[in-house]
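# Commentary on secondary and tertiary structure
Next come the chains, spelled out residue by residue.
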Amino acid sequence: MTAVRCLALNASFEPITMVPVRRALRLVIDGKAEIVETEGDRVVHSERFAMPRPHVIRLNKYVHVPRRFRRQVTNTFLFARDDYRCQFCGRTGVDLRHRECLTRDHLVPISRGGTNEWTNVVTACSTCNTRKGIRLPDECRMPPLRPPVEPHFVHLTWAVRRLTPVQSRYIRLFYGADTLETLQAL
Ligand SMILES: [Zn+2]
């Protein structure tokens, strides 16, 4: 079982990321963050001190999170946007056969001037990706199930992380209950 990570909030209470508990402790010790929620009565011991185990921390200074970072397309986020479903045959990861896997497909292939932007990439199983090859969707009659769009970064960032009920509360606080429900339904 993986250790529960700590939710880090910006000074504005905007949830930014999950950090390992050790890193959260370091930020608190260095005076860069404060503990907002502890993990029950659990205590972290070191040679010199004992501290409650941070579950949610808040940075003391506002950190600007660059938009470019937020928009980066990684396969983790791409697959989450597409509900882990091949956008050509509609199969999800669990439907795939042995040796098949989910991949990133470029609607306009890179070799034909396509880019890595959200609007040009879709989740495809390896078989569909191979079948499509370097053709355009029109040329091979393989339109994607949903036209690819750039998702709100919040949906991606938090869709792929497991949050505890306490941590979820801070997502709801900042983004509202609707966003949290959308995330939990993914
Ligand atoms: Zn497929």
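Computed from a predicted structure; not experimentally measured. (Residues numbered from 1 in each chain as written. Predicted model: local features only at pLDDT ≥ 70, side-chain atom pairs only at ≥ 80, totals over all residues. Heavy atoms only, no water.)

## Notes on helix α1 (residues 21–29)
Every buried residue belonging to α1 is among Val-21, Ala-24, Leu-25, Leu-27 and Val-28, and all of these are buried. One face of α1 carries all of its buried residues, which in axial projection span an arc of 160 degrees. Structurally, α1 contributes buried residues whose contacts are with β1 (6–9), β2 (15–19), β3 (33–45) and β4 (50–59). In the segment just after α1, Gly-31 is the residue with positive phi, at about 75 degrees. (Buried < 20%, exposed > 50% of the residue type's maximum accessible area, 1.4 Å probe, protein only. Helix = DSSP H or I, 4+ residues; strand = E, 2+ residues; numbered from the N terminus. Arc of directions from axis to C-beta. Contact = heavy atoms within 4.5 Å.)

## Some points on the sheet that holds β3
Overall, mixed pairing links the four strands, which are arranged β2-β1-β4-β3 in an open sheet. Single-partner strands in this sheet number two, and they are β2 and β3. Sheet twist, expressed as the average angle between the axes of neighbouring strands with direction ignored, equals 35 degrees. Bridge count between β1 and β4: three bridges; the pairing is parallel. Bridge pairing links Leu-7 to Val-56 in β4. (Pairing = 2+ DSSP bridges. Axes fitted to C-alpha atoms, helices over the stretch in contact; angles between N-to-C directions.)

## Remarks on unusual backbone geometry
With phi around 55 degrees, Asp-83 is a residue other than glycine that occupies positive phi space. Examined against the element boundaries, Asp-83 turns out to sit in the loop between α3 (75–81) and β5 (102–106). Looking at Asp-83, the relative accessible area reads 34%, which means it is partly exposed. Unusually for a residue other than glycine, Tyr-84 sits at a positive phi of about 60 degrees. Within the secondary structure, Tyr-84 is located in the loop between α3 and β5. Tyr-84 gets classed as partly exposed once you look at its relative accessible area, which sits at 40%.

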